[in-house]
Amino acid sequence: MSVKKFDETMQSTIDSAKNVLPEKSSLDLQCLFAVLLQQPEFQGRYPNLESLFPNPPKLDSKAENLKPDKVVRSLFKDSRLDGMISSELVFKNALFHDELFEGLEPNERIVLQSVRARYSLDEYKASSTRVRLVRNLARFGSFMTDE
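Along each chain, residues carry numbers from 1 onward, in the same order as the chain's sequence is written. With pLDDT at 70 or above as the cut-off, local features in this predicted model cover only qualifying residues; side-chain atom pairs require 80 or more to be listed or tallied, and sums for whole chains, interfaces and linings still use all residues. Side-chain figures throughout are based on the complete set of non-hydrogen atoms in the structure, without hydrogens or water.

A.B. asks: Outline the packing of helix α5 (residues 87-95) against helix α6 (residues 106-125), listing residues and values.
C.D. replies: Here the axes come from fitting lines to C-alpha atoms, over the contacting stretch only for helices, and the angles between their N-to-C directions go from 0 to 180 degrees. The numbering of helices and of strands both runs from the N terminus, where a helix is a DSSP run of H or I of at least 4 residues and a strand a run of E of at least 2. Where α5 contacts α6, the axes come no closer than 10 Å and their chain directions differ by 135°. When the interaxial angle is binned, α5 and α6 end up oblique. Considering how the two elements wind past one another, α5 and α6 form a crossing that is left-handed. Contact residues: α5 offers E88, F91, K92 and L95, while α6 offers L112, V115, R116, Y119 and E123. When an angle is under 35 degrees it counts as roughly parallel; over 145 it counts as roughly antiparallel; between 65 and 115 it counts as roughly perpendicular; any other value is oblique. The handedness criterion is simple: a crossing whose near helix is rotated anticlockwise from the far helix by less than a right angle is left-handed, and one whose near helix is rotated clockwise is right-handed. The contact criterion used throughout is that any non-hydrogen atoms of two residues lie within 4.5 Å.

In structure tokens:
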């Protein structure tokens with residue numbers, strides 16, 4: 001029985017990164033994030049990010065061994081879910097990593113900050129805490145209208 005290290009989307013991301021990086025190069029956060037944004041699960045979700053982190057052009061030769069740099073290794077370590085590295089967690093952790101700002105112009109940093117805020121809001125809207133609060137508020141509102 002083989003043990004999978006990455007979920008399906010993350011494995012596809014790694015395979016795609018091998019096509020855009022030269023042999024014996026390291027996978028950095030910006031490249032990983034750009035390739036991750038091109039995966040069907042993330043494509044179109046945040047179009048503003050796709051313009052900030054365009055997919056690098058494919059090379060003629062494919063890198064067989066791709067070594068993640070220190071930041072990406074740390075990101076993978078923090079993105080484990082049920083023993084596998086989860087693409088959703090990698091996306092979230094990469095999005096909020098300060099190194100993602102490197103190389104961005106001030107106006108591009110503002111776009112990244114707005115995407116972070118939207119992501120946090122979307123995550124809060126789906127949280128059980130919000131559902132519980134809305135349920136309690138709805139109950140309180142009905143008590144106020146009772147005679």
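There's more to say after this.
A.B. asks: Give me the lowdown on the pattern of salt bridges, citing residues and values where you can.
C.D. replies: Salt bridge, as applied in this entry: a Lys or Arg side-chain nitrogen positioned within 4 Å of an Asp or Glu carboxyl oxygen. Summed over all chains, the structure comprises 3 salt bridges. Across the pair E88 and R45 runs a salt bridge whose closest N-O atoms are separated by 3.0 Å. Taken together, the residues E88 in helix α5 and R45 in the loop between α2 (29-37) and α3 (47-52) connect sequence positions 43 residues apart. Buried means the residue's accessible area, taken with a 1.4 Å probe over protein chains only, is under 20% of the maximum for its type, while exposed means over 50%, and partly exposed covers the values in between. Given a relative accessible area of 29%, R45 falls into the partly exposed group. Across the salt bridge formed by K92 and E123, the nearest N and O atoms sit 3.3 Å from each other. In this pair, K92 sits in helix α5 while E123 sits in helix α6, placing the two residues 31 residues apart along the sequence.

A.B. asks: Explain the packing of aromatic side chains to me, using residue names and the numbers behind them.
C.D. replies: The aromatic pairing rule takes the rings of Phe, Tyr and Trp, using the six-membered ring of Trp, and pairs them if the centres are within 6.5 Å, calling planes under 30 degrees apart stacked, those over 60 edge-to-face and the rest tilted. Scanning the model with the defined rule gives 8 aromatic pairs in all. Seen from their ring centres, Y46 and F91 are 5.9 Å apart, and the 15° between their planes marks the pair as stacked. In this pair, Y46 sits in the loop between α2 and α3 while F91 sits in helix α5, placing the two residues 45 residues apart along the sequence. Judged by its relative accessible area of 5%, Y46 is buried. Looking at F91, the relative accessible area reads 0%, which means it is buried. Aromatic pair F96 and Y119: ring centres 5.9 Å apart, planes at 65°, arrangement edge-to-face. In this pair, F96 sits in the loop between α5 and α6 while Y119 sits in helix α6, placing the two residues 23 residues apart along the sequence. With a relative accessible area of 34%, F96 lands in the partly exposed category. Among the aromatic residues, those joined into a cluster by ring pairs are F33, F42, Y46, F53, F91, F96 and Y119.

A.B. asks: Mind laying out the nonpolar core, listing which residues take part and the relevant values?
C.D. replies: Remark: nonpolar core denotes a set of buried residues (Ala, Val, Leu, Ile, Met, Phe, Trp, Tyr, Cys) joined through side-chain atoms within 4.5 Å. Membership of the largest hydrophobic core comes to 36 residues, with the highest contact counts inside it found for M10, L27, F33, L49, F53, F76 and F91. Only α1 (8-20), α2, α3, α4 (70-78), α5 and α6 provide two or more residues apiece to this core. It is α2 that contributes the most residues to this core, 8 residues altogether. Those residues in contact with L27 that lie beyond four places of it in its chain are I14, A17, L21, L32, L66, K67, P68, D69 and V72.

All quantities given are derived from atomic positions and should not be read as evidence of function.
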